[in-house]
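Breakdown of the fold
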Amino acid sequence: MARAENFTCTACGAAHSKWSGRCDACGEWNSIVEEKPLSAGPARKSLGARRGALVELSDLSTEEQPPPRTACGISELDRVLGGGLVPASAILLGGDPGIGKSTLLLQATASFARAGLKAVYVSGEESRAQIRMRAQRLGLADAPVSLAAETNLRNILTMLEAEKPDLVVIDSIQTMWADNVESAPGSVSQVRAAAHELTAFAKRHGLSVVLVGHVTKEGQIAGPRVIEHMVDTVLYFEGERGHHFRILRAVKNRFGPADEIGVFEMTGKGLAEVLNPSALFLSERDEPAPGSVVFAGIEGTRPVLVEFQALVAPTPQSQPRRSVVGWDGARLSMILAVLEARCAIPFSGLDVYLNVAGGLKVREPAADLAVAAALLSAREDVALPADTVVFGEISLSGALRSVAQTANRLKEARKLGFSKAIAPANSKMSSGDGNGVRQMPDLTSFVGEIFGAG
Ligand code: TYD
Ligand code: MG
């Protein structure tokens, strides 16, 4: 007989046959709860035995109005939301402690309030005096925002029911405490229960809710992943420590394109919008140098130029270092393997450091060719021709694959003074785009033509 698996991890959803203190599937502590199976007890009748309410059906062609939206005027934020805030939507904003989540949301709440929404900002981390001081520093003291410092969820829901705001910010979900759940604030069951109560309340009362979630060292929102499923939109606020650029990224959005980014700069007076991120990411670039390559990328709906920097140095270690910031480490290994296997250019005995300047995390495979170019440029100690951008996906065979939105990439490059490009053969271009674009069928011809090796 199959063993009943009545215990479920609330963090990852794994089923277990018995309770234990730690889920061996995801490593979370105190996340396993017992769930009674549906068929428990002989007295339970099947659901079909009694009639339920009629469920309304419609066909696929029924016209739905697009949701009404409120723009707050911070265009980098409005765009990431898909064109503004949708009523009765639930948004989760994740990010490292100290990255600027509270600053962003205080500025956003003030802007939404000025745009006519009734807005409440609830902090479980700071006192009202602290928030007021920050608001004064940011020049927001006159915005019609109501502040609360509270962690008791029951009290917060009672307040929301009385006040009936259009928007509430909960900073942070890890500090909230539901008194009907027997565990400490910040625990998986508390975070899950609080997020569930708040999102359900928001849907019921037509209120938009923004939940702040701290991120663990592993880069996930602390607590259960299930809260990402409960909300309509998941935003991450990213940035490198020591850098002043901040990137707001939509990783999930039921009301707009995912992967859209907004770029901000942390200043003494809060977050300032960066309307031309390419210029910002390239502003610290020196003269063309070996190992530096400009990638013409697409983030969401917007073209963005960024600089990839590589350093390749001999090492006596038998296991050379592979260090990556802003790009996928596994993808780097793949490109090194393709260079070795298809172009006979080995990187054994060489430490490799790869960095995306400015703190942007690039996820597009279209950056493959820029990464390969940076690695080769560093290894051969040859700078790429000036005014050149690079893009293209590399396949395991060493062939170059064309990528989406070639025309947009080239347009942005030209706008910033880059008149030349290296792209895969068969890239779809509009007429007149071909000037200055060198199209390469594979990595071997790229290596031969640009670096005179192969
Ligand atoms: P904060 O919004 O409190 O971060 P989080 O809520 O994500 O933990 O931001 C804290 C950092 O931002 C802090 O190191 C100070 C800096 N900061 C500025 O540089 N300028 C400002 O105007 C403000 C308000 C904060
Ligand atoms: Mg904060």
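What counts, and where the lines are drawn
- Residues numbered from 1 in each chain as written.
- Chains lettered and ligands numbered in written order.
- Predicted model: local features only at pLDDT ≥ 70, side-chain atom pairs only at ≥ 80, totals over all residues.
- Heavy atoms only, no water.
- Pairing = 2+ DSSP bridges.
- Helix = DSSP H or I, 4+ residues; strand = E, 2+ residues; numbered from the N terminus.
- Axes fitted to C-alpha atoms, helices over the stretch in contact; angles between N-to-C directions.
- Contact = heavy atoms within 4.5 Å.
- Domains from an automatic or database assignment.
- Buried area = accessible area lost by both parts, 1.4 Å probe.
- Salt bridge = Lys/Arg side-chain N within 4 Å of Asp/Glu carboxyl O.
- Polar contact = N/O pair within 3.5 Å; in protein donor to acceptor, adjacent residues only side chain to side chain.
- Buried < 20%, exposed > 50% of the residue type's maximum accessible area, 1.4 Å probe, protein only.
- Left-handed = near helix turned anticlockwise from the far one by under 90°.
- Nonpolar A, V, L, I, M, F, W, Y, C, P; charged D, E, K, R; others polar.
- Phe/Tyr/Trp six-rings, centres within 6.5 Å; stacked < 30°, edge-to-face > 60°.
- Lys NZ or Arg CZ within 6 Å of the ring centre and 35° of its normal.

If you trace the nine strands from one edge of the open sheet to the other, you get 6-5-7-8-4-9-10-11-12, paired in mixed fashion. At either margin of the open sheet sits one strand with a lone partner, and together these are strand 6 (145-149) and strand 12 (270-273). Between one strand axis and the next, the sheet turns through 25° on average, direction left out of account. Bridge count between strand 7 (residues 167-171) and strand 8 (residues 208-214): four bridges; the pairing is parallel. What sits directly across from Ile 170, in strand 8, is Leu 211. Contacting strand 4 (90-95), strand 5 (119-123), strand 6, strand 7, strand 8, strand 9 (233-238), strand 10 (245-253), strand 11 (261-267) and strand 12, helix 2 (residues 101-114) runs over the sheet at an angle of about 160° to strand 5. With respect to the sheet, helix 3 (residues 128-137) is in contact with strand 5 and strand 6, its orientation differing from that of strand 6 by roughly 145°.

Time to look at the domain arrangement of the protein. Annotation of the protein at the domain level lists domain 1 (1-37), domain 2 (75-275) and domain 3 (280-451). Between the C-alpha centres of domain 2 and domain 3 the distance comes to 36 Å. Buried surface at the junction of domain 2 and domain 3, summed over both partners, amounts to about 1400 Å²; 55% is from carbon and sulfur atoms. Applying the counting rule to domain 2 against domain 3 returns three salt bridges. The salt bridge partner of Glu 299 is Arg 249, with a shortest N-O separation of 3.0 Å. Across the domain 2-domain 3 interface, the total number found is seven residue pairs in polar contact (both at pLDDT 80 or more). Of all the elements in the fold, those that place two or more residues in the side of domain 2 that touches domain 3 are helix 1 (75-80), strand 10 and strand 11. Counting residues per element, the side of domain 2 that touches domain 3 draws most heavily on strand 11, at four residues.

Strand order in the open sheet made by the three strands is 2-1-3, with antiparallel pairing throughout. Across the chains shown, the open sheet's two edge strands, defined by having one partner strand only, are strand 2 (15-16) and strand 3 (32-34). Judged from the two bridges that link them, strand 1 (residues 7-9) and strand 2 form a sheet pairing that is antiparallel. If you follow Phe 7 over to strand 2, its bridge partner there is His 16.

With respect to the secondary-structure elements, His 214 resides in strand 8. A distance of 3.4 Å separates polar atoms of two side chains, one belonging to His 214 and the other to Lys 101.

As for its position among the elements, Phe 264 is in strand 11. Classification of Phe 264 by relative accessible area gives buried; the value is 1%.

This part is about the packing of helix 8 (residues 329-343) against helix 9 (residues 368-380). Contact geometry for helix 8 and helix 9: axes closest at 10 Å, N-to-C directions at 65°. Here the hand of the crossing between helix 8 and helix 9 comes out right-handed. Every residue of helix 9 that contacts helix 8 at Arg 331, Leu 332, Met 334, Ile 335, Leu 336 and Leu 339 is listed here: Asp 368, Val 371, Ala 372, Leu 375 and Leu 376. Residue composition of the contact of helix 8 with helix 9, by class: nine nonpolar, no polar and two charged.

For the coordinates displayed, the defined rule picks out five aromatic pairs. A ring pair is formed by Phe 308 and Trp 327, whose centres lie 5.9 Å apart and whose planes are at 85°; its orientation type is edge-to-face. Linking Phe 308 in strand 14 (residues 302-314) with Trp 327 in the loop between strand 15 (322-325) and helix 8, this pair joins segments that are 19 residues apart in sequence. Accessibility classification places Phe 308 together with Trp 327 in one group, the buried group. Every member of this aromatic cluster is reached through a ring pair, and the members are Phe 295, Phe 308 and Trp 327. The residue whose ring lies beneath Arg 409 is Phe 391, and the NZ or CZ to ring-centre distance is 5.6 Å.

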